[in-house]
Amino acid sequence: MPPEASLNGEFMAEMRLAAQGCAANVVVRDTVPAGASYVRSEPAATVDGDQLTWNFGNLEAGDTRSIKLWLKAQKEGTIVNCASVSADPRTCASTRIVNPAIQLAKKAPAEVVICDPIPMTLTVRNSGSSQLTGVKVTDNLPAGLSSDGKSSLAFDAGNLAPGESKEFKFNATAARTGQFVNRAEVATAQGVKADASSTTVVREPVLTVACTAPEQRYMGRPFDVSFTVANKGDTAAAGTLLEVPVPAGLTVKSASDGGQATASKITWNLASLAPNASQKVSAVFVAANAGSFQFSSSAKGTCAKLVSSTCQTRVVGVPAILLEKADDPDPLGVGTGETTTYTVKITNQGSADDNNVKMVVTIAPELAPVSATGNGAISGQTVTFPAVPRLAPKEAVTYKIVARGVKAGDGRTRFELNSDMLQSPVIAEESTHVY
């Protein structure tokens, strides 16, 4: 039984056509039946009076099209809607079009340390739809890089089917630090080409070592010698070792920070030292006899070159007088009202009197003397203390100088001690950092 619609109401009729083969100029025609009027259609029809036309052009085998037609009923009864289809037969021939294309990818680490190899990987891939033959990859390394002594490398990938890829790996070494941009190319017998590049930054740790020893100490008395290792490079210095041979005539009493001491050498394992970082260690020595003792320190790392430094201490037996000085606090600021106090202690460690003991202190230009104990006389940057007529064995005299910071810098305050028993002055410096 046909579907029903109300008088003066809209109703829809749907038509579907399917192509059994290839067809050209497909046209569907329909006449609005008597007793109905055209409202609309999907797709829209070309309307000429009561004639409706749809032009679908060409259809491939298996294609389908649908037409929905809305009409309005104007009288009772059965409305029959018929459409006709016309088309021209069409014969098709196909040709497969291929696109020869190739891709090249280059992989290398972004950063390496200069003593490490630089692993590189080249991957060539047929990204097109046709066979590629005579595939060759070349890699010209930039100046400063080489691989097994060569600066130009070539790889034969042979033939590649669509989607097929091949990988080539090699290691490069760097002769210097810096940024290296490495570009590789691939070419084929079909004339298609591609390139790829990678950027690697080569870094290097650069060690420095400094040795600081007191200018003069006394036999039988322990004294400290410090060693500072710094990394001035742009990457961590792994496996950093510091070695200090023990000078003949000295005995090691102790070594800080896990230093391993033997009768002939002290070794510190400083592990990894970051860029711009430093580590300070020290050792305590004692001399049984007078003499000048030189300390030769050397530092090296896994990728850091060997560096060295020397300093020395003069150990004396007579006169048996000890000069000790210190500043507190250190550092101090400029314009903050802060002051530092230099404490100077003179001790007769001998077994006889020392006479006419004189102390003169020259304050560094980065500071200005404010006051001095013990009747110290201030004249410009110089503080002069009255001579001590007699300093008995084991007796000591202490002076204090208060100074304030006046300009930034590494101030070196000079202490000069004279006495009747000293053949030459005892000279010492105290470093005070003013910021």
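Placed above this text is the structure.
Quantities reported herein were computed from a predicted structural model and do not represent experimental measurements.

(A) Spotlight on the environment of Thr 235. As for its placement among the helices and strands, Thr 235 is situated in the loop between strand E19 (223–231) and strand E20 (237–245). Expressed as a C-alpha distance, the spacing of Thr 235 and Cys 303, which sit 68 residues apart in the sequence, is 10.0 Å. Beyond its immediate sequence surroundings of up to four residues, Thr 235 is in contact with Val 113, Arg 203, Glu 204, Pro 205, Leu 273 and Pro 275.

(B) Local environment of the sheet that holds E19. Taking strand neighbours across the sheet as the criterion, the four strands line up as E17-E19-E24-E21 in an open arrangement whose pairing is antiparallel. Edge positions in the sheet fall to strand E17 (207–212) and strand E21 (250–255), since each has one partner strand and no second. Pairs of neighbouring strands in the sheet enclose a mean axial angle of 25 degrees, with direction left out of account. Bridge analysis of E17 against E19 gives six bridges, and the strand direction is antiparallel. Each residue of the ladder has a partner; that of Thr 208, found in E19, is Ala 230.

(C) Highlighting the nonpolar core. Leu 323, Ile 346, Met 359 and Leu 417 are the most contacted members of the largest nonpolar core, which totals 29 residues. Looking at this core, the element that brings in the most residues is strand E34 (residues 396–405), giving four residues. If we ignore the near neighbours within four places in the chain, the residues touching Leu 323 are Val 344, Lys 345, Ile 346, Met 359, Phe 415, Leu 417, Val 426 and Ala 428.

(D) Main features of unusual backbone geometry. That bond from Glu 42 to Pro 43 is cis: its omega, -5 degrees, falls within 30 degrees of zero. In this chain, Asp 330 is followed by Pro 331 through a cis amide linkage whose omega measures 10 degrees. Tracing the backbone through its elements, the reader meets Pro 331 in the loop between strand E27 (321–328) and strand E28 (339–348). The phi angle at Asn 25 is positive, at roughly 50 degrees, despite the residue not being glycine.

(E) Quick look at the packing of aromatic side chains. In the structure shown here, the tally under the stated rule is eight aromatic pairs. Residues Phe 285 and Phe 295 carry aromatic rings whose centres are separated by 4.9 Å and whose planes lie at 50 degrees to one another, so their mutual orientation is tilted. Linking Phe 285 in strand E24 (residues 278–287) with Phe 295 in strand E25 (residues 291–300), this pair joins segments that are 10 residues apart in sequence. Given a relative accessible area of 0%, Phe 295 falls into the buried group. Consider the rings of Phe 385 and Tyr 399, whose centres lie 4.0 Å apart with planes at 20 degrees: the pair is stacked. Note that Phe 385 is positioned in the loop between strand E32 (382–384) and strand E33 (388–391) and Tyr 399 in strand E34, a separation of 14 residues in sequence. In this pair, the class of Phe 385 matches that of Tyr 399, namely buried. Ring pairs connect the aromatic residues Phe 155, Phe 168 and Phe 170, which therefore count as one cluster. Positioned over the ring face of Trp 70 is Arg 40, at 4.1 Å from the centre of the ring.

(F) Representation of the layout of surface pockets within the structure. Quantified by volume, the largest pocket comes out at close to 960 Å³. Lining the largest pocket are 28 residues, with Ala 213, Pro 214, Arg 217, Lys 325 and Glu 429 positioned closest to its centre. Secondary-structure elements contributing two or more residues to the lining of the largest pocket are E17, strand E18 (216–218), E19, E24, E27 and strand E36 (426–434). Top element by residues in the lining of the largest pocket is E36. It accounts for six residues.

Each value, and the rule that gives it
Residues numbered from 1 in each chain as written. Predicted model: local features only at pLDDT ≥ 70, side-chain atom pairs only at ≥ 80, totals over all residues. Heavy atoms only, no water. Helix = DSSP H or I, 4+ residues; strand = E, 2+ residues; numbered from the N terminus. Contact = heavy atoms within 4.5 Å. Pairing = 2+ DSSP bridges. Axes fitted to C-alpha atoms, helices over the stretch in contact; angles between N-to-C directions. Core = buried A, V, L, I, M, F, W, Y, C linked by side-chain atoms within 4.5 Å. Buried < 20%, exposed > 50% of the residue type's maximum accessible area, 1.4 Å probe, protein only. Phe/Tyr/Trp six-rings, centres within 6.5 Å; stacked < 30°, edge-to-face > 60°. Lys NZ or Arg CZ within 6 Å of the ring centre and 35° of its normal. 1 Å grid on protein atoms, 1.4 Å probe; cavity = no way out; pocket = protein on both sides within 12 Å on 5 of 7 lines; lining within 4 Å. Points joined across faces, edges and corners; volume = space filled by probe spheres on them.

Limitation: the analysis is restricted to geometry and does not speak to function.
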